[in-house]
Amino acid sequence: MTAARMAPHPLTFVDVFAAKPLEGNFLPVVHDADEVSDETMARVARRMRQSETSFVQTATSRSADYRHRMFTVSAELPFAGHPSLGAAAAFCRRQGTREREVVQQTLSGEQRLVVRLDGDSGTVSMWQNEPVFSAVLDASGVLDALGVDPRAGDPGLPAQVVSTGLPALLIPLHDPAALASASFSQPRLAAALAGMVEDPDALNCYLVAERSTGHWVARSFALDTVGGEDPATGSAAGPLGAYLRERRGIHRLDIEQGVEMGEASRLHVDTTDGVRVEGQIYIGGTGTIRLPSG
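Residues numbered from 1 in each chain as written. Predicted model: local features only at pLDDT ≥ 70, side-chain atom pairs only at ≥ 80, totals over all residues. Heavy atoms only, no water.

Trainee: Tell me what's going on with the overall build of the protein chain, and back it up with residues and numbers.
Mentor: Secondary structure assignment for the protein chain yields 5 helices and 17 strands. For 294 residues, the compact-globule formula gives about 19 Å, and the C-alpha radius of gyration of the protein chain, at 19 Å, lands near that figure. Every one of the 294 residues in the protein chain was classed for burial, and the buried ones make up 55%. Taking the contacts inside the protein chain whose residues are at least 6 apart along the sequence as the reference set, 64% of them involve residues at least 24 apart. (Helix = DSSP H or I, 4+ residues; strand = E, 2+ residues; numbered from the N terminus. Rg over C-alpha atoms; globule rule 2.2 N^0.38 Å. Buried < 20%, exposed > 50% of the residue type's maximum accessible area, 1.4 Å probe, protein only. Contact = heavy atoms within 4.5 Å.)

In structure tokens form, the structure reads like this:
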């Protein structure tokens, strides 16, 4: 039997939406991944066991700087938030660039990002896709499946599916304290989502509540996320910003997420000019991974 040819690929680890190192949402980024097969990318993501794993390839679009492939442990995503910020930071760091505007090519289209680095830390902003507002839903069954009293839903802000690249079920609660009781049960959540949406496996259920003016707290649960809960969900924060702009006239908000997981995350959303999500990043390490090639 002929052994598979193994090729080295640079690897970067990034903490995204982190107020300090070893917080936020952890992201592995595999560079120079043009020769890595879809099957290998999916297997690497399963072995990394993070919310997502990113693979940077040469862009096939003339208007993009790189092609970005994003995998959960179960599937490839058309778009995601913290991988987009983390991969942009890792790409620019490898290029030796401190400040740069880049365009990533994803399955959902192209997104513009601005990267500002100072050594191994910095900030990244991303303009997400135009929001698509879908169904307003009765989310009481979802809340019950997550261990939250269905009466905790905010009567003035109905649950709704909104997408800026990846659909999120936004579920506003009237009391931030209600978030503490939420817990993940795969069978219960799968049963609650069945029949509600077309693809429940790829849907982020984003429970949010306003703690004070401009300051929101959130927890995100999904069937395709390791452990069921995500510490920072930029692809849901963008839709929340668009939703609050439409319903409340709010254009700027800060979101705290991941606290209950011990992975505190901070996300900033600004919808004065499109849907822009921003966060701090920290490069946690670099190395090499050897993968089958060809």
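Trainee: Can you tell me about the environment of threonine 286, naming the residues and giving the values?
Mentor: By the secondary structure assignment, threonine 286 is in strand S17 (residues 276-292). Overall, threonine 286 belongs to the exposed group, its relative accessible area being 51%. Each C-alpha atom, one on threonine 286 and one on threonine 12, is 4.4 Å from the other, the two residues being 274 residues apart in sequence. Not counting chain neighbours up to four residues away, the residues in contact with threonine 286 comprise Leu11, Thr12 and Arg93.

Trainee: Give me the lowdown on helix H4 (residues 186-193), citing residues and values where you can.
Mentor: Within the sequence span of H4, burial applies to Leu189, Ala192 and Leu193. Down the axis of H4, the sector holding all buried residues measures 95 degrees, keeping them to one side. Exposed residues lying more than 90 degrees from the buried face of H4 are Pro187 and Ala191. In this fold, the buried residues of H4 make contact with helix H3 (140-145), strand S11 (167-172), strand S12 (204-212) and strand S13 (215-221). Glycine 195 sits one or two positions beyond H4 and adopts a positive phi of about 85 degrees. (Arc of directions from axis to C-beta.)

Trainee: Any chance you could break down the nonpolar core for me, citing the residues and the numbers?
Mentor: With 47 residues, the main nonpolar core has Tyr206, Leu240 and Ile255 as its most contacted residues. At 7 residues, helix H2 (residues 81-95) tops the list of elements feeding residues into this core. The residues contacting isoleucine 255, other than those within four sequence positions of it, are Tyr206, Trp216, Ala218, Ala237, Leu240, Ser265, Arg266, Leu267 and Val269. Core analysis: the next-biggest nonpolar cluster, separate from the first, contains 27 residues, Leu137, Val142, Leu143 and Cys205 among them. (Core = buried A, V, L, I, M, F, W, Y, C linked by side-chain atoms within 4.5 Å.)

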